[in-house]
Amino acid sequence: MFRAILLSFTLIVSVIIGAFAADAQRDPLSDRGGSVIKGYDTVAYWTVGEAVKGSKKITSTYTGAEFRFASDENKALFDANPEKYIPEYGGYCAWAMASGGFAPGNGKYWKIVDGKLYINYNGKVEKDWLEDVSGFIQKADPEWSTAKLHESN
């Protein structure tokens, strides 16, 4: 039974990762909805310490990707220093990146580690990621570097 469950889980993860690989080739920052991390305000994680939906009326574009903000103040902070607020791995799921693949990040599932924002796909994935944050980051960083190299070619 355990083997069947493990096989099913592996298949589901492979489908999720594979389904979004083509999107990764389109734009290294944006998800399928066109805005980074499903429209969550990437600055709010620092300013209010929680996931806050951004407004379609308060946006910035950076490296071809749209970022939404809950306030003009957050937009101004982002515009002054976008690199500080951009999520690692372009907003893609940190757990999936550690596995060598792409899945969209969902702004509901996040963590700031050493001044960097990491996003995950869903609550289950986030729970797994939180069990070994530094290990997953250590695996994901070189995967992202490789992915960015392929983007520029």
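For the structure itself, consult the block above.
Overview of the structure. Given the structure is predicted, the values throughout are model-derived calculations rather than measurements.

1. Side note on the packing of aromatic side chains
No. 1: Applying the stated criterion across every chain yields a total of 10 aromatic pairs.
No. 2: With a centroid separation of 5.4 Å and 85° between ring planes, the pair formed by W46 and Y85 is classed as edge-to-face. Here Y85 lies in helix 4 (residues 82-85) and W46 lies in helix 2 (residues 44-47), a separation of 39 residues in the sequence.
No. 3: Geometrically, the ring pair formed by Y89 and W144 is edge-to-face, given 6.3 Å between the ring centres and 70° between the ring planes. Of this pair, Y89 sits in the loop between helix 4 and helix 5 (94-98) while W144 is found in helix 7 (residues 133-152), placing the two residues 55 residues apart along the sequence.
No. 4: Residue classification places W144 among the buried residues on the basis of a relative accessible area of 12%.

2. Quick notes on the pairing of strand 3 (residues 106-113)
No. 1: Sheet topology places strand 3 next to strand 4 (residues 116-120); 5 bridges connect them, and they run antiparallel. Within strand 4, the position partnered with I112 by the bridge is L117.
No. 2: In this structure, the hairpin formed by strand 3 and strand 4 is closed by a connection of 2 residues, where D114 is found at a positive phi of approximately 50°.

Cut-offs used in this document
Residues numbered from 1 in each chain as written. Predicted model: local features only at pLDDT ≥ 70, side-chain atom pairs only at ≥ 80, totals over all residues. Heavy atoms only, no water. Phe/Tyr/Trp six-rings, centres within 6.5 Å; stacked < 30°, edge-to-face > 60°. Helix = DSSP H or I, 4+ residues; strand = E, 2+ residues; numbered from the N terminus. Buried < 20%, exposed > 50% of the residue type's maximum accessible area, 1.4 Å probe, protein only. Pairing = 2+ DSSP bridges.

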